[in-house]
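What follows is the residue order along each chain.
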Amino acid sequence: MNKLGVMKLRKRIWNGSLCLAAAVFTLCACSKDESDPPLAAGDVAVDVVLTPRGFEDQIYTSYLYMIPFVTDYQGVNVEGLLTKDIFKLSLVSPRSGATIELKMHESELNEEVVGQYTLPRSGDTLWMQPRMVWKYDALRRFDRTRNLALRWTISADGREICTVDRTFSCRSVSQCVNALIVYPYERPQGLVVNEDDAVEIPEMFTGYVEEENPEIDRIMEQALQEVALPLGFNGYQSGDENYLFQQMCAIWYVLQQTGVSYSNATQIPGQAEDVRVQNVVFLVRLWPARRRTAWREPVCWLRSTNGSICFRT
């Protein structure tokens with residue numbers, strides 16, 4: 001082999017060696033990414049807050065029971081703020097790109113829910129807001145304020161990383177939330193607040209209406225027997241504001257005969273400072289108790305007659 005041929009052979013060998021080295025380096029790099037140690041509890045820092053933040057560490061069952069019906073507030077979309085999905089969990093990302101699973105365990109008030117999230121850049125905060133499935137019958141029956149323990153589990157690659165346990169003060173469904181302070185950084189553009197920086201949600205009262213309760217018909221029948229109402233009960237259909245007021249007075253007259261009295265009880269012991277509540281009871285709870293004994297709890301009573309007139313008493 002002449003000198004030129006030897007040089008060409010050496011060049012081919014050299015080029016081949018470079019390609020082989022590059023391939024080995026690539027394989028090693030891939031192996032390094034794939035061999036990152038699995039996430040552990042010490043790798044993640046998790047916190048739980050409620051939204052809006054004014055709830056502090058208190059869960060208002062009345063709010064959860066009614067809020068799905070409030071999706072538009074004076075033309076402003078408030079679904080991300082006034083929502084049944086009240087829990088927000090923050091996690092400081094230990095590495096980017098990893099997929100984690102968040103499971104909220106079942107409790108007496110909620111079903112189990114599971115969601116998946118991708119970790120952002122290392123050091124950034126991932127906010128997780130589980131899509132809650134509440135047990136609405138249980139919320140409605142929650143008639144005594146007490147502590148409620150809740151649990152979340154975070155997993156990656158089928159392995160549990162950590163468990164987060166929190167205990168909240170869970171308020172009686174009788175504590176109707178009708179306004180709450182929303183901090184400036186939480187407010188969507190265009191949201192109107194009152195002079196106290198609170199969002200007023202009087203629609204919450206309507207959730208206590210029980211139009212199918214047979215006691216309503218009995219109350220109305222008694223009112224027709226004792227009060228002169230020439231057109232009967234027709235709610236707003238009469239188009240006469242004075243006649244509407246007469247109908248309301250007729251029912252209020254009957255209620256007073258049973259011992260019902262008005263109470264504007266808005267100061268509830270232990271309530272969150274930024275939440276405005278008023279005591280309310282369902283008619284199904286109030287009326288049997290009223291018949292058995294004097295009702296001593298200060299209440300705001302909201303009722304619907306013929307689906308057209310509402311009272312707070």
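Residues numbered from 1 in each chain as written. Predicted model: local features only at pLDDT ≥ 70, side-chain atom pairs only at ≥ 80, totals over all residues. Heavy atoms only, no water.

### Thoughts on unusual backbone geometry
1) Next: A cis amide bond links Thr51 with the next residue in sequence, Pro52, at an omega value of -5°.
2) Next: Within the secondary structure layout, Pro52 lies in the loop between β1 (46-50) and β2 (58-60).
3) Next: The backbone of Glu56 sits at a positive phi, close to 55°, despite the residue not being glycine. (Helix = DSSP H or I, 4+ residues; strand = E, 2+ residues; numbered from the N terminus.)

### Considering the pairing of strand β6 (residues 99-104)
1) Next: The side-chain alternation of β6 yields one buried face, formed by Ile100, Leu102 and Met104, and one unburied face, formed by Thr99, Glu101 and Lys103.
2) Next: Bridge count between β6 and strand β9 (residues 146-156): 4 bridges; the pairing is antiparallel. Across the sheet, residue Met104 finds its bridge partner in β9, namely Trp152. (Buried < 20%, exposed > 50% of the residue type's maximum accessible area, 1.4 Å probe, protein only. Pairing = 2+ DSSP bridges.)

### Digging into the layout of surface pockets
1) Next: What the largest pocket holds in volume is close to 220 Å³.
2) Next: Forming the boundary of the largest pocket are 12 residues, of which Glu79, Leu82, Thr83, Lys84 and Asp85 lie nearest the centre.
3) Next: When the residues that make up the lining of the largest pocket are grouped by side-chain class, the tally is 4 nonpolar, 4 polar and 4 charged. (1 Å grid on protein atoms, 1.4 Å probe; cavity = no way out; pocket = protein on both sides within 12 Å on 5 of 7 lines; lining within 4 Å. Points joined across faces, edges and corners; volume = space filled by probe spheres on them. Nonpolar A, V, L, I, M, F, W, Y, C, P; charged D, E, K, R; others polar.)

### Points about the pattern of salt bridges
1) Next: Overall, the coordinates contain 8 salt bridges when judged by the stated rule.
2) Next: The residue Arg166 makes a salt bridge to Asp47 at a minimum N-O spacing of 3.6 Å. Within this pair, whereas Arg166 is found in strand β10 (residues 159-171), its partner Asp47 is found in strand β1, the two being separated by 119 residues in sequence.
3) Next: A relative accessible area of 27% means that Arg166 is categorised as partly exposed.
4) Next: The partner of Asp165 in a salt bridge is Arg151, with the nearest N and O atoms 2.6 Å apart. One end of the pair, Asp165, is in strand β10; the other, Arg151, is in strand β9, with 14 residues separating them in the sequence.
5) Next: The class for Asp165 is partly exposed, based on a relative accessible area of 41%.
6) Next: One salt-bridge network, in which partners are shared between bridges, spans Lys84, Asp85 and Arg131. (Salt bridge = Lys/Arg side-chain N within 4 Å of Asp/Glu carboxyl O.)

### Comments concerning the sheet that holds β6
Strand pairing in a sheet relies on backbone hydrogen bonds, with the paired strands running either antiparallel or parallel.
1) Next: A sheet is described by the order of its strands in space; here 5 strands give the open sequence β2-β10-β9-β6-β7, paired in mixed fashion. The open sheet terminates on both sides in strands that have one partner only, identified here as β2 and β7 (113-118). In this sheet, adjacent strand axes meet at a mean angle of 35° when their direction is disregarded. (Axes fitted to C-alpha atoms, helices over the stretch in contact; angles between N-to-C directions.)

### Digging into the nonpolar core
1) Next: Tyr63, Phe87, Ile100 and Trp152 are the most contacted members of the largest nonpolar core, which has 65 residues in total.
2) Next: Leave out the neighbours within four places in its chain, and Ile100 touches Leu39, Leu91, Gly115, Gln116, Tyr117, Leu119, Leu126, Met128, Ile154, Ser155 and Ala156.
3) Next: Formed by 13 residues, the second largest nonpolar core is a distinct cluster that contains Ile216, Leu229, Phe233 and Leu255. (Core = buried A, V, L, I, M, F, W, Y, C linked by side-chain atoms within 4.5 Å. Contact = heavy atoms within 4.5 Å.)

### Comments concerning the environment of Ser90
1) Next: Along the chain, the position of Ser90 falls in strand β5 (residues 87-92).
2) Next: The class of Ser90 is buried, set by a relative accessible area of 12%.
3) Next: For the pair Ser90 and Val46, spaced 44 residues apart in sequence, the C-alpha separation works out to 5.5 Å.
4) Next: The residues touching Ser90, leaving out its near neighbours within four places in the chain, are Ala45, Val46, Asp47, Thr125, Leu126 and Trp127.

### Overview of the confidence of the model for the protein
1) Next: The predicted model of the protein has a mean per-residue pLDDT of 78, with 75% of residues at 70 or higher.
2) Next: No element of the protein has a lower mean pLDDT than strand β14 (residues 300-305), at 42, and none a higher one than β2, at 95.
3) Next: Here residues 18-33 is modelled with pLDDT under 50, and outside its nearest four sequence neighbours on either side it reaches 0 contacts, counting other chains as well.
4) Next: Overall, residues 291-313 carries pLDDT values under 50, and its contacts beyond four positions in sequence, including any with other chains, amount to 83 contacts. (pLDDT = per-residue confidence, 0-100.)

### A look at the packing of aromatic side chains
A ring pair, where both rings are aromatic, is described by two values, the distance of the centres and the angle of the planes.
1) Next: This structure, assessed with the given rule, holds 7 aromatic pairs.
2) Next: Between Tyr65 and Tyr136, the ring centres sit 6.4 Å apart and the planes meet at 55°, which makes this aromatic pair tilted. Here Tyr65 is found in helix α2 (residues 61-66), whereas its partner Tyr136 is found in helix α3 (residues 136-141), with 71 residues between them in sequence.
3) Next: The partly exposed category is assigned to Tyr136, whose relative accessible area is 28%.
4) Next: With a centroid separation of 5.3 Å and an interplanar angle of 70°, the aromatic rings of Phe87 and Trp152 are classed as edge-to-face. Of the two residues, Phe87 is situated in strand β5 and Trp152 in strand β9; the sequence distance between them amounts to 65 residues.
5) Next: Among the aromatic side chains, those forming a connected cluster through ring pairs are Phe87, Trp134, Trp152 and Phe168. (Phe/Tyr/Trp six-rings, centres within 6.5 Å; stacked < 30°, edge-to-face > 60°.)

### What about the sheet that holds β5?
1) Next: Pairing within the open sheet is antiparallel, and its 3 strands lie in the order β1-β5-β8. The open sheet has two edge strands with one neighbour each: β1 and β8 (125-128). Ignoring strand direction, the axes of neighbouring strands in this sheet form an average angle of 25°.

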